[in-house]
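Inside the fold
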Amino acid sequence: MTLRAILLPLLVPALVVAVLVAVLDSPASALAAALVTLAGSLMALGVSRGALQRQLDTLALHTRGRAEGALATHPSDPDQLEEVANLEGAIDSLHSRLSARNTRLTQEARTLTAVLDGMAEGVWVTDAEGTVLRHNDALRDILQPTGELIGQRPLALLRNDVLHDAVMRACGEGTSTRLELELEGLFPRTLSVRVTPLGRDLPGSAAVFHDITELRRLEKVRKDFVANVSHELRTPITAIRGYAETLQGGALNDAVMAPKMVEIIHRQSERLSELVEDLLELSRLESREVRLQLTEVPLAEAAARAADTVRPKAEGKSQRVSLHVPGELRALGDSRAVEQVLLNLLDNAVKYTPAGGRVDVYGACEDGRCVVRVKDTGLGIEPRHLSRIFERFYRVDKGRSRDMGGTGLGLSIVKHLLQAMDGEVKVESQPNEGSTFTIFLPQAAPSKAATG
């Protein structure tokens, strides 16, 4: 509002009173003049208050619009009071600072959410009562709850008193806790959980869930492997040491027993050497140190070389080894690895087939893959063992396997070699009815010469 607009309503009544007093010059005239002055002042006050109210209402409307996200596009008022203009400027400045702060907080919240959702570990945050306030996506994948996580207490999500007590201690006492949880169900899992208070005078707690199921499984495999290797090594080493000490004790001069003991030492040393070689081979396969050269492999030739290796042992047990592999059957694989797979399978077949039995090798192309079956008339395998016979050191009959000189690693090597060549192995067997081991390999593409 301009200065003229403010002074004019106030000066007009005073001028009117001055004129009346000069003209009338009487008490009654003075009273009338006073009333006129009062009326003029009231009129001026009403006009000023009305203008101020309109400007304040306009300012309030614009402020509410900004709070709701509307842009400040109202035109400037030339009659606006200076005080109202200053107030509007202060509100505009405050709105700008609050907008910048809200933008920064929104960006930080989005960054935090992105970081939490990108974590492999599950995370939840609770209030001071232990109620879940927020969580990341990984936690839902780990816990697989049937309902919503937010608003739930730990005991309702996981029936575990230890976790619940840890959360309550973090909220009430500011104590951090590490624990492991065993989740039962269709797929049992092991979780490592760390519960900590939020800190910085913030009420509540945070918990980080790490799925260590695979880690615990690998630890068990490692322990079992070390135990099995130690046991397998102990047997030949004990035999070698025992007979060597016996020879040193005087049996070396025994013309009858000394040669037998030396033969046993030699046989056990060979077994020890085979075990070490198999361990090294398996280690190289699992660490992918073995680089296979995938080429066209004639399976009939590979089967023939493997059969020639085991035939002396088979003939010693009056067994018959027959090959039925088409000459044109060619697989895509590493020739040395394919021959080793067939040799291990044939050696097992001869080893566990009684005297007078037979071993047959069949080859064919099925569903675009090369298939080779090694079938024997041996002792067979009980169904409960079939799913585990490709594990390292797993034996159906431990005593019989050791007596026959097996290391317990042959079938595991077969499995790893075939996997490295994009193949697989399966087994079918019944007790006293023999076994059939079937390997699958990719079929080699026909050569241009063959296709004409």
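The following paragraphs examine the structure supplied in this document. Please read all numbers here as calculations on a predicted model, not as lab measurements. (Residues numbered from 1 in each chain as written. Predicted model: local features only at pLDDT ≥ 70, side-chain atom pairs only at ≥ 80, totals over all residues. Heavy atoms only, no water.)

Describing the pattern of salt bridges
According to the stated counting rule, one finds 15 salt bridges in the structure shown. Across the pair Asp-347 and Lys-313 runs a salt bridge, and its minimum N-O distance is 2.8 Å. Taken together, the positions of Asp-347 in helix H10 (residues 335–351) and Lys-313 in helix H9 (residues 299–316) put the pair 34 residues apart, joining distant regions of the chain. Judged by relative accessible area, which is 41%, Lys-313 ranks as partly exposed. Measuring nitrogen to oxygen at the nearest pair gives 3.1 Å for the salt bridge that ties Arg-373 to Glu-366. (Salt bridge = Lys/Arg side-chain N within 4 Å of Asp/Glu carboxyl O. Helix = DSSP H or I, 4+ residues; strand = E, 2+ residues; numbered from the N terminus. Buried < 20%, exposed > 50% of the residue type's maximum accessible area, 1.4 Å probe, protein only.)

Side note on the packing of aromatic side chains
The geometry of an aromatic ring pair is captured by two quantities: the separation of the ring centres and the angle between the planes. Scanning the entire structure with this criterion turns up two aromatic pairs. Both rings, one in Trp-124 and one in Phe-209, keep their centres 4.9 Å apart while their planes meet at 65°; by these two values the pair is edge-to-face. Here the residue Trp-124 occupies a position in strand E1 (residues 122–126), and Phe-209 occupies one in strand E5 (residues 202–211), the gap between them amounting to 85 residues. Residues Trp-124 and Phe-209 agree in their burial class; the two are buried. Summarising the aromatic geometry, the rings of Phe-390 and Phe-437 are spaced 6.3 Å apart at their centres and angled 85° between planes, so their arrangement reads as edge-to-face. With Phe-390 in the loop between helix H11 (383–386) and helix H12 (398–403) and Phe-437 in strand E12 (residues 435–442), this pair connects stretches of sequence that are 47 residues apart. You'll find Phe-390 and Phe-437 in the same group, each marked buried. (Phe/Tyr/Trp six-rings, centres within 6.5 Å; stacked < 30°, edge-to-face > 60°.)

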